[in-house]
2 protein chains.
Amino acid sequence: MTKRETPDIIIGRLPVYLRALRHMEAQGKGTTSSQELGEQVGISAAQIRKDLSQFGEFGKQGTGYSIAFLIGKLREILKVDRVWDVVVVGMGDMGHAIARYQGFADRGFRISQVFDSDPAKIGERIGSFVVQDTRELGTAIRKADVRIAMLCVPAAAAQQVANQLVEAGVRAILNYAPINLNVPKGVWVQYLDPTVGLQRMTYYLE
Amino acid sequence: MTKRETPDIIIGRLPVYLRALRHMEAQGKGTTSSQELGEQVGISAAQIRKDLSQFGEFGKQGTGYSIAFLIGKLREILKVDRVWDVVVVGMGDMGHAIARYQGFADRGFRISQVFDSDPAKIGERIGSFVVQDTRELGTAIRKADVRIAMLCVPAAAAQQVANQLVEAGVRAILNYAPINLNVPKGVWVQYLDPTVGLQRMTYYLE
DNA sequence: TAGATTGTTAATCGATTAACAATC
DNA sequence: TAGATTGTTAATCGATTAACAATC
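Owing to the predicted nature of the structure, the values given are computational and were not obtained by experimental measurement. (Residues numbered from 1 in each chain as written. Chains lettered and ligands numbered in written order. Predicted model: local features only at pLDDT ≥ 70, side-chain atom pairs only at ≥ 80, totals over all residues. Heavy atoms only, no water.)

S.K.: Can you break down the packing of aromatic side chains residue by residue, with the values?
M.R.: By convention here, two paired aromatic rings are described through the distance between centres and the angle between planes. Inspection of the entire model under this criterion finds eight aromatic pairs over all chains. The interplanar angle of 70° and the centroid separation of 6.3 Å between the aromatic rings of B:Phe58 and B:Phe69 together place this pair among those described as edge-to-face. Of the two residues, B:Phe58 sits in the loop between α3 (45–53) and β2 (59–60) while B:Phe69 sits in helix α4 (residues 67–77), which places them eleven residues apart along the sequence. By relative accessible area, B:Phe58 is classed as buried at 10%. Judged by centre distance (4.9 Å) and plane angle (80°), the rings of B:Tyr101 and B:Phe104 are edge-to-face. Since its relative accessible area comes to 3%, B:Phe104 is described here as buried. Among the aromatic residues, those joined into a cluster by ring pairs are A:Trp188, B:Tyr203 and B:Tyr204. Its end group placed over the ring of B:Tyr203, A:Lys79 keeps NZ or CZ at 5.8 Å from the ring centre. (Phe/Tyr/Trp six-rings, centres within 6.5 Å; stacked < 30°, edge-to-face > 60°. Helix = DSSP H or I, 4+ residues; strand = E, 2+ residues; numbered from the N terminus. Buried < 20%, exposed > 50% of the residue type's maximum accessible area, 1.4 Å probe, protein only. Lys NZ or Arg CZ within 6 Å of the ring centre and 35° of its normal.)

As structure tokens, then:
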């Protein structure tokens, strides 16, 4: 009798619930219902209740969910009730934009170091960071014990840099390069190729 | 007896197949198999064959698929055998990076106009574009008959700009703002919130 | 109390996989 | 021909929905 594992597909929805709940909280709301949250995120009320019930009983019959309480629970479940250090590799336009992005801070992440392999960029200041040489990646990541990286290098370099990251102990990669990465078991990758996003919509356009 | 509609989940995988196939083509390969493609993208061979069989018989027993031929078919299916004009709204760091990104050209998209509401930015050159006033959005989009937009404005402005876009005839929105958009039926949205990507992985980290 | 909404069960629906005849 | 690989069917597996007793 093994403990039933929570499906990836449920985990994938939780950050979206969390984002919507924090939005409600910022608007001064105190409670919500599976119905209301579902409308907000485009998911059925039944499914939201089912998803949450995987982790405990967070609501009250008749009144719904305390937003603050549910936010706390989701942050715990997703392990973003702490701050994760993240490194960014590749200081082209995209890496540059990410290094200066202010949206990670209150959602569980903090960029701690940024890297590039271009001698012209190494040593340069970007946001509050000094660009380090990609060759120092392994040492720097091991020393700081970082588990998460954002990959913003050109497609041609992405797999090789990913290998270095994994070798250095990184276990989660947010990949902006338009290419599939092959990584060993125990390493997670999320893809953010804008063209894939666009191509998922054109099928439905006339 | 209605024609069975192709599930969204299959459509969602096709751009990933297409990207992998073009990568193989760039490496000079002429044919591939469902087995090989599956390993490349992390999907079972059976599923790839099943997905493709929705649209026709593209392979040959014994030899597999012609890469060039399959690329052509997928481009047709996804309607990226043409070039779609895309507008970008919001010329912060992210919009800026996108406006200068060279990766759309050969994958079916062309940025045609960029917008911002900041008087300091309007009229400025970014990449090969002159930043236009967001107030002109509706007129400009209608005139150019654009169907696709990338949304790079702050979260607080995103819903309102999305409304303007839809009103002007946009039917597909690639949303970089960390917020859920409510859009009418017949309008598609894809989300690219990096924090959601990160939060989908932390659950699995110790 | 009456009304609202949860958590959960059972039923339904849909997606994935395994297997193999067909055939290049 | 022998080997490889497709397209497809049937079986399995998993996810979603509907419905409702429990209860705030």
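So, next bit.
S.K.: Please provide a residue-by-residue account of helix α1 (residues 8–26) of chain A, values included.
M.R.: Look at α1(A): 28 Å from first C-alpha to last across 19 residues, which is about the 27 Å you get at 1.5 Å a residue. Directly beyond the C-terminal end of α1(A), a positive phi value near 90° is found at A:Gly28. (Expected span 1.5 Å × (residues − 1).)

S.K.: Go over the interface of chain B and chain A with me, naming the residues and quoting the values.
M.R.: Listed as interface residues are 58 residues of chain B and, on the opposing side, 58 residues of chain A. The junction of chain B with chain A conceals about 5900 Å² of combined surface from both sides, 61% of it contributed by carbon and sulfur atoms. Here chain B and chain A share six salt bridges between them. Of the charged contacts, one joins B:Asp193 and A:Arg19 as a salt bridge, the two residues approaching to 3.0 Å between their closest N and O atoms. Our count for the contact surface shared by chain B and chain A stands at 22 residue pairs in polar contact (both at pLDDT 80 or more). Elements with a minimum of two residues in the side of chain B that touches chain A: α1 (8–26), α2 (34–41), α5 (93–100), β9 (148–151), β10 (172–175), β11 (188–191) and α8 (194–202) of chain B. Examining the composition of the side of chain B that touches chain A, we find that nine residues originate from one element, α8(B), more than from any other. (Contact = heavy atoms within 4.5 Å. Buried area = accessible area lost by both parts, 1.4 Å probe. Salt bridge = Lys/Arg side-chain N within 4 Å of Asp/Glu carboxyl O. Polar contact = N/O pair within 3.5 Å; in protein donor to acceptor, adjacent residues only side chain to side chain.)

S.K.: Before we move on, can you summarise the protein's contact with DNA strand C with the specific residues and values?
M.R.: The environment of DNA strand C is formed by 25 residues, the closest being A:Ser34, A:Arg49, A:Phe58, A:Gly59 and A:Tyr65. When atoms of DNA strand C within 4 Å of the protein are split into backbone and base, the sugar-phosphate part holds 63%. In the environment of DNA strand C, a phosphate oxygen lies 2.8 Å from a nitrogen or oxygen atom belonging to the backbone of A:Phe58. The set of elements that each furnish at least two residues to the surface near DNA strand C consists of α3 (45–53), β2 (59–60) and β3 (64–66) of chain A together with α1 and α3 of chain B. The leading source of residues in the surface near DNA strand C is α3(B), at four residues. Per-class residue counts for the surface near DNA strand C are five nonpolar, twelve polar and eight charged. (Near = heavy atom within 4 Å. Nonpolar A, V, L, I, M, F, W, Y, C, P; charged D, E, K, R; others polar.)

S.K.: How would you sum up the protein's contact with DNA strand D? Please name residues and give values.
M.R.: Taken together, 25 residues surround DNA strand D, and among them A:Gln47, B:Ser34, B:Arg49, B:Gly59 and B:Tyr65 come closest. Counting only atoms of DNA strand D within 4 Å of the protein, the sugar-phosphate share comes to 64%. In this structure, A:Gln61 approaches DNA strand D through a main-chain N or O atom, which is 3.3 Å from a base oxygen. Of all the elements in the fold, those that place two or more residues in the surface near DNA strand D are α1 and α3 of chain A together with α3, β2 and β3 (64–66) of chain B.

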